[in-house]
Amino acid sequence: MSHSPSLPDRPRLELDPEMSDGERLEAIRKHFRRIVQVNDEIEQRLEDAESRRSELQRDVDELKRENEVLKTSSLYIASVEESTEDGVVIKQHGNNQEVLTEAASSVSADLDPGDRVAINDSFAIQTVLDDETDARAQAMEVDASPDVTYEDIGGIDDQIRDVREAVEDPLENPETFETVGVEPPSGVLLHGPPGTGKTMLAKAVANESDATFIKMAGSELVRKFIGEGSRLVRDLFELAADREPAVIFIDEIDAVAAKRTDSKTSGDAEVQRTMMQLLSEMDGFDDRGEIRIMAATNRFDMLDEAILRPGRFDRLIEVPKPDAEARERILEIHTEGMNVADDLDLSGLVTDLEEFSGADLASLATEAGMFAIRDGRTEVTRSDFEDAVEKLDSAEETADRNIHYQY
Ligand SMILES: Nc1ncnc2c1ncn2[C@@H]1O[C@H](COP(=O)(O)OP(=O)(O)OP(=O)(O)O)[C@@H](O)[C@H]1O
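What counts as what
- Residues numbered from 1 in each chain as written.
- Predicted model: local features only at pLDDT ≥ 70, side-chain atom pairs only at ≥ 80, totals over all residues.
- Heavy atoms only, no water.
- Helix = DSSP H or I, 4+ residues; strand = E, 2+ residues; numbered from the N terminus.
- Areas by Shrake-Rupley, 256 points an atom, 1.4 Å probe, with all protein chains shown as cover.
- Pairing = 2+ DSSP bridges.
- Axes fitted to C-alpha atoms, helices over the stretch in contact; angles between N-to-C directions.
- Buried < 20%, exposed > 50% of the residue type's maximum accessible area, 1.4 Å probe, protein only.
- Contact = heavy atoms within 4.5 Å.
- Near = heavy atom within 4 Å.
- Polar contact = N/O pair within 3.5 Å; in protein donor to acceptor, adjacent residues only side chain to side chain.
- Salt bridge = Lys/Arg side-chain N within 4 Å of Asp/Glu carboxyl O.
- pLDDT = per-residue confidence, 0-100.
- Left-handed = near helix turned anticlockwise from the far one by under 90°.
- Nonpolar A, V, L, I, M, F, W, Y, C, P; charged D, E, K, R; others polar.

## Side note on the overall build of the protein chain
Right, on to step 1. Helix and strand counts for the protein chain stand at 12 helices and 11 strands.
Right, on to step 2. Taken as a whole, the protein chain presents about 23700 Å² of accessible surface, with 47% of it coming from carbon and sulfur.

## What to know about the sheet that holds strand E7 (residues 187-191)
Strand pairing in a sheet is mediated by backbone hydrogen bonds. Such pairs are either parallel or antiparallel.
Right, on to step 1. Across the sheet, six strands lie side by side as E6-E8-E9-E10-E7-E11; this open sheet has mixed pairing. The sheet terminates laterally at strand E6 (140-143) and strand E11 (313-318), the two strands that pair on one side only. The mean inter-strand angle of the sheet, taken between neighbouring strand axes irrespective of direction, is 20 degrees.
Right, on to step 2. Relative to strand E8 (residues 212-217), E6 runs antiparallel, the two sharing four bridges. Within the sheet, the bridge partner assigned to Val142 lies in E8 and is Ile214.

## Topic: the environment of Glu290
Right, on to step 1. For Glu290, the position within the fold is in the loop between helix H8 (266-283) and strand E10 (291-297).
Right, on to step 2. The class for Glu290 is partly exposed, based on a relative accessible area of 34%.
Right, on to step 3. Residues Glu290 and Pro245, 45 residues apart in the sequence, show an inter-C-alpha distance of 4.8 Å.
Right, on to step 4. Setting aside anything within four residues of it in sequence, one finds Glu290 in contact with Leu171, Glu244, Pro245 and Ala246.

## A short note on the site of the ligand
Right, on to step 1. In the vicinity of the ligand, 17 residues are found, and the nearest of them are Gly154, Gly195, Lys198, Thr199 and His334.
Right, on to step 2. Gly197 is positioned with one of its backbone polar atoms (N or O) 3.1 Å from an oxygen atom of the ligand.
Right, on to step 3. At 3.0 Å, a side-chain N or O of Asn298 approaches an oxygen atom of the ligand.
Right, on to step 4. Notes on the ligand: free accessible area 630 Å², of which the protein chains cover 77%.

## So, the sheet that holds strand E2 (residues 87-92)
Right, on to step 1. Strand order in the open sheet formed by five strands is E3-E2-E1-E4-E5, with antiparallel pairing between adjacent strands. Looking at strand neighbours, the two that pair on one side only are strand E3 (98-101) and strand E5 (125-128), the edges of this open sheet. Sheet twist, expressed as the average angle between the axes of neighbouring strands with direction ignored, equals 40 degrees.
Right, on to step 2. The sheet contact formed by strand E1 (residues 76-84) and strand E4 (residues 116-119) spans four bridges and is antiparallel. From the neighbouring strand, Ser79 faces E4, where its bridge partner is Arg116.

## Focus: the pattern of salt bridges
Right, on to step 1. This structure, assessed with the given rule, holds 18 salt bridges.
Right, on to step 2. Residue Lys321 pairs with Glu355 through a salt bridge whose shortest N-O separation is 3.4 Å. Placement of the pair is Lys321 in the loop between E11 and helix H9 (324-335) and Glu355 in the loop between helix H10 (346-350) and helix H11 (358-374), with a sequence separation of 34 residues.
Right, on to step 3. One salt bridge in this structure joins Arg329 and Glu332, with 2.8 Å as the shortest N-O distance. A residue pair is termed a helical-turn pair when its members lie 3 or 4 positions apart in one helix, as Arg329 and Glu332 do in helix H9 at three residues.
Right, on to step 4. Assessed through its relative accessible area of 30%, Arg329 is described here as partly exposed.
Right, on to step 5. By relative accessible area, Glu332 is classed as partly exposed at 33%.

## What about the confidence of the model for the protein chain?
Right, on to step 1. Averaged over the protein chain, the pLDDT score is 85; the fraction of residues at 70 or greater is 88%.
Right, on to step 2. Reported confidence for the predicted complex is 0.96 by ipTM and 0.68 by pTM.

## A few points about the packing of helix H3 (residues 157-172) against helix H5 (residues 198-208)
Right, on to step 1. Interhelical geometry of H3 versus H5 gives an angle of 40 degrees and a closest axis separation of 10 Å. For the pair H3 and H5, the crossing hand works out as right-handed. Here Gln159, Ile160, Val163, Val167, Glu168 and Glu172 of H3 lie close against H5, whose contacting residues are Leu201, Val205 and Glu208.
Right, on to step 2. For the contact of H3 with H5, a count of residues per class yields five nonpolar, one polar and three charged.

Now the structure itself:
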């Protein structure tokens, strides 16, 4: 970078007392011309400097923008506590740290206590977020009285018995456990392939115990901003405490409780934090009253053992794919309200459907009904079911090419 040359010297008027008037006048004129010249030179310099300055300003703006982008690439969530003359007091979610900070110039909205904001690593507020209820609504499903009953679930009677014992009995007769002096299982983990009735089972047990069913999707928990997953877990348990008796059901728990991997990316750290929050909620659970916790996974092999320790998910119930007898029962349930031909032999039909889960069988019944409707008939026949099997098989082949379940 070159330095600008120094400014021209200030011209000096030198008058000799010996000078004649004419000489003086000439000297003053010369001095004046010199001053004008120096002035022009300085003005020129000023112009150059101005244009250099706007060049530099453009560079600065560009760098500021880049800096903003870098700073905003990973944001934390906080709530505004107070807006003061000295800045904004925020409380970070997850660790509850309170910080006095400022809002980035791009944040134009007035900040009010309770607003949810996203902050960067240096705690500067970057954005004001939408209402918290949106995030909760996406991650949680609350059903005060689910309508699934045990009779709607086919082929897993042993699992129903186990779940009733671990969830329903402690909710309905807590005193029996107290009198006998045993602790009911802390958490029940249902594991097995997709579509085998795990969610149904959790809903049914909530229904039959007159409890509120609160479902949280593990995958939603980890998609949020940093700090939000653990906050949602806390909310989940608070909500359950408000609504007790309640059954908490965490679906796809593997999303938050997978074995630790070697990578140390911030995503992983965030998932860990969410899991730690879940563990600490479960550990502090004894005195919370009538709340039972259930979870489900298709990826039991991937779970971190920390969540399976006593006092956590300590009752494991496997929900397998249905065998022939179970398939028949499930299909019976799903064709109960349908107008099926008298000669339809369900047991013959299901023998070959070895790969079919409960969910597949439910679709099979619907598809068969659709074939009858398309054909203008009101009765569903064996051939409708065969067409439906063919249709689902080919859909399954397409899906298999894309997804590979590792169960
Ligand atoms: N054992 C079953 N008896 C009757 N219907 C079943 C059974 N299993 C699954 N279904 C049908 O499949 C649908 C999906 O089942 P559900 O959501 O309970 O499966 P899941 O095991 O929780 O699956 P995922 O692991 O994919 O969440 C149910 O709504 C029901 O129609």
